[in-house]
Amino acid sequence: MSRYDAVVVGAGPAGSIAALVLARSGARVALADKAAFPRDKACGDLVGPRGVQVLMDLGLRVPDAGQGSDLLAVGPSGRRSRLPAFSGNTYPGHGIIVPRLALDHALREAALQAGAVPVRARIIAVQPGTDGRVDAVISSDGQRLAAEIIVAADGALSPVARLAGMLDPQTALWGFAIRAYVPAEVPLPLLILLDASPWRIYPGYGWLFPGADGQANVGIGVGLGSSRGQAQLRGDLARLVALLGQRGDLGGDARPGPVMGGWLRMGGTGAPPAAGNVLLAGDAAGLINPLQGEGIGPAMVSGRLAAEAVLAGPARAAAAYAEAIEAAFGQYMAGASALQRVLLRKPRTTSAVTRLLTAPAVRQAIAGTWSIYWNGLADGARPRPSAWTARAVQVVAGRLAGHA
């Protein structure tokens, strides 16, 4: 048996940031993951401004493939709206592009250099304690990792959350996404809104993001509502690649490489952020933006918040962490989730709205507001008209959530 101050399960961005902050403060922390690193993950590889701010605050450097500033949103008509990037009071005016193979490895190595103990383990059970606590997590090869606090950063399907009785799949907002790399030079990240059939919106989005070494990241994701059913997306990805070729964003002979996929749990749904002595971070807490699918930035923020709650006092860590997550994400995630559910239920209306948003007469007027709200950046934005209207949209969406 090994006993630690904290056991962090999952060495993705959330888990590695949590372990890093804990270890730097002198905590004895285990960082457990079932995989051998470096390992890849299905992702768009775009780290948003809030994630970049975490890296800056912690003095971390990662092997990025370039900065991502403005985005191009492409509507079903093919019209494009350039969404400007703004610096905020609490975040920079850009993201960065980092393949997950490199990002996760770099963050995990930083945590280990700070003193976190690496553990190769697939968690299959928990040892319950008193008052809803978890005394230890147990791996498939019999390792027992005991700690005062368990930080579960083990993905959307979080085995630890399930084993601890925290995960309720029926209340979750699910999605699924696949991605591949394709030879291309992409000047600006593209987010592509599509029609599944004429004037009926596709229940998700496609993307084409810049990448490293001349390899762009192309992918497609769908929202599934509360049903975690099968999502057959390879044909949709092939059609997206063909469409991008027709529009000149990809070469006509561009062929994507191997495809990877993964589940998404969005909007902070499906589980509380903490219960007993178990804190959920990143995808395990459902902290994926329901409108555009970003998860890396929220994961890194939540990992840091989890560590800070533990360091402030293990006895109150769960309550402190839940309060911090609500302050950081609660208003936006609830409203965006409600808005996404409405959009999924009204595919014809949504198709018309997305056409309007990219129409020449409208797109310039609303591009700044769209950028700030859609990317979850209203809180902490610097005063400007687009920030004020983005906050107003956030309030309206929050009321929609309350009504729902």
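These notes cover the structure that comes with them.

Rules behind the numbers
Residues numbered from 1 in each chain as written. Predicted model: local features only at pLDDT ≥ 70, side-chain atom pairs only at ≥ 80, totals over all residues. Heavy atoms only, no water. Helix = DSSP H or I, 4+ residues; strand = E, 2+ residues; numbered from the N terminus. Rg over C-alpha atoms; globule rule 2.2 N^0.38 Å. Contact = heavy atoms within 4.5 Å. Areas by Shrake-Rupley, 256 points an atom, 1.4 Å probe, with all protein chains shown as cover. Lys, Arg positive; Asp, Glu negative; His and termini not counted. Charge placed at Lys NZ, Arg CZ, Asp CG, Glu CD. Expected span 1.5 Å × (residues − 1). Buried < 20%, exposed > 50% of the residue type's maximum accessible area, 1.4 Å probe, protein only. 1 Å grid on protein atoms, 1.4 Å probe; cavity = no way out; pocket = protein on both sides within 12 Å on 5 of 7 lines; lining within 4 Å. Points joined across faces, edges and corners; volume = space filled by probe spheres on them. Nonpolar A, V, L, I, M, F, W, Y, C, P; charged D, E, K, R; others polar. Phe/Tyr/Trp six-rings, centres within 6.5 Å; stacked < 30°, edge-to-face > 60°. Lys NZ or Arg CZ within 6 Å of the ring centre and 35° of its normal. Pairing = 2+ DSSP bridges.

1. Some thoughts on the overall build of the protein
When helices and strands are counted, the protein shows 10 helices and 20 strands. Here the protein has a C-alpha radius of gyration of 20 Å; the compact-globule value for 404 residues is 22 Å, and the two agree. Projected onto its principal axes, the C-alpha coordinates of the protein cover approximately 65 × 45 × 40 Å. Relative to all contacts within the protein whose residues are 6 or more apart in sequence, the contacts with residues 24 or more apart total 71%. Total accessible area on the protein stands at roughly 16,600 Å², and carbon and sulfur atoms take up 54% of it. Once the 38 positive and 27 negative side-chain charges of the protein are each reduced to a mean point, those two points are 7 Å apart.

2. A short note on helix H3 (residues 100-113)
Relative to the 20 Å expected for 14 residues at 1.5 Å per residue, H3 spans 19 Å between its end C-alpha atoms, a close match to the ideal helical length. Considered for burial, the residues of H3 that qualify are Arg100, Leu103, Asp104, Ala106, Leu107, Arg108, Ala110 and Ala111. Turning to H3, the residues buried within the fold contact helix H1 (13-24), strand S2 (29-33), strand S3 (46-47), helix H2 (49-57), strand S8 (117-120) and helix H6 (296-312). Positioned one or two residues after H3, Gly115 has a phi angle of 120°, which is positive.

3. What to know about empty space enclosed by the protein
If you roll a probe as big as a water molecule over the atoms, it shows you where there is empty space left. As enumerated under the stated definition, the model contains 1 cavity of 30 Å³ or more in all. Around the largest cavity sit 16 residues that line it, and Arg50, Pro298, Phe329, Asn375 and Gly376 are the ones nearest its centre. When contributions to the lining of the largest cavity are tallied by element, the ones reaching two or more residues are H2, H6 and helix H7 (317-345). Per-element accounting of the lining of the largest cavity gives the leading share, 4 residues, to H7. Here the lining of the largest cavity is composed, by residue class, of 7 nonpolar, 6 polar and 3 charged.

4. As for the environment of Pro84
Examined against the element boundaries, Pro84 turns out to sit in the loop between strand S6 (80-83) and strand S7 (95-97). Here the alpha-carbon distance between Pro84 and Leu22, two residues 62 residues apart in the chain, equals 36 Å. Excluding residues that lie within four positions of it along the chain, Pro84 makes contacts with Asp70, Ala367, Gly368 and Ser371.

5. Examining unusual backbone geometry
Residue Pro38 is reached from Phe37 by a cis peptide bond, and omega for that bond is 0°. Residue position: Pro38 is located in the loop between S2 and S3. Although it is not a glycine, Trp199 sits at a positive phi angle of roughly 65°. Note on Trp199: relative accessible area 45%, which makes it partly exposed. Non-glycine residue Asp213 carries a positive phi angle of around 55°.

6. A word on the side chain of Ser302
In this fold, Ser302 is placed in helix H6. The contact partners of Ser302, leaving out residues within four places of it in the chain, are Ala14, Ala281, Gly282, Leu287, Tyr321 and Ile325.

7. Considerations on the layout of surface pockets
Of the voids in this model, the second largest pocket is the one considered here, and its volume is about 730 Å³. Considering the residues around the second largest pocket, the lining is formed by 32 residues, among which Leu291, Leu339, Leu343, Trp370 and Trp374 are closest to the centre. Within the residue set of the lining of the second largest pocket, elements represented by two or more residues are strand S16 (204-209), strand S17 (215-225), strand S18 (260-266), H7, helix H8 (347-357), helix H9 (360-374) and helix H10 (385-403). With 5 residues, H9 is the single largest residue contributor to the lining of the second largest pocket. Its residues placed into classes, the lining of the second largest pocket shows 24 nonpolar, 8 polar and no charged.

8. Topic: the packing of aromatic side chains
The tally for this structure, following the rule as stated, stands at 6 aromatic pairs. Geometrically, the ring pair formed by Trp370 and Trp374 is tilted, given 5.5 Å between the ring centres and 50° between the ring planes. Residue Trp370 and its partner Trp374 are located together in helix H9, separated by 4 residues, close to a single helical turn. In this pair, the class of Trp370 matches that of Trp374, namely buried. Grouped by ring-pair contacts, the aromatic residues Trp174, Phe176 and Trp263 constitute a single cluster. The ring of Trp199 has Arg355 sitting right over it, with the charged end atom 4.0 Å from the ring centre.

9. Points about the environment of Gly303
Structurally, Gly303 can be placed in helix H6. Judged by relative accessible area, Gly303 falls into the buried class, the value being 0%. C-alpha of Gly303 to C-alpha of Leu279: the two residues are 24 residues apart in sequence and 9.5 Å apart in space. Setting aside residues no more than four positions away along its own chain, Gly303 makes contact with Ala14, Ile17, Ala18 and Ala281.

10. Brief notes about the pairing of strand S11 (residues 144-152)
Buried residues dominate S11, accounting for 7 of its 9 residues. Judged from the 7 bridges that link them, strand S1 (residues 2-9) and S11 form a sheet pairing that is parallel. Its bridge partner being in S11, Val7 is matched across the sheet by Ile150. Pairing geometry for strand S10 (residues 134-139) and S11, over 3 bridges, is antiparallel. By the bridge assignment, Ala136 is partnered in S11 with Ala146. Taken together, S10 and the strand that follows it, S11, pair antiparallel across an intervening segment of 4 residues, in which Gly142 is found at a positive phi of about 90°. As judged from the 3 bridges shared by S11 and strand S20 (residues 278-280), these two strands associate in the parallel manner. Bridged to Val151 within S20 is Leu279.

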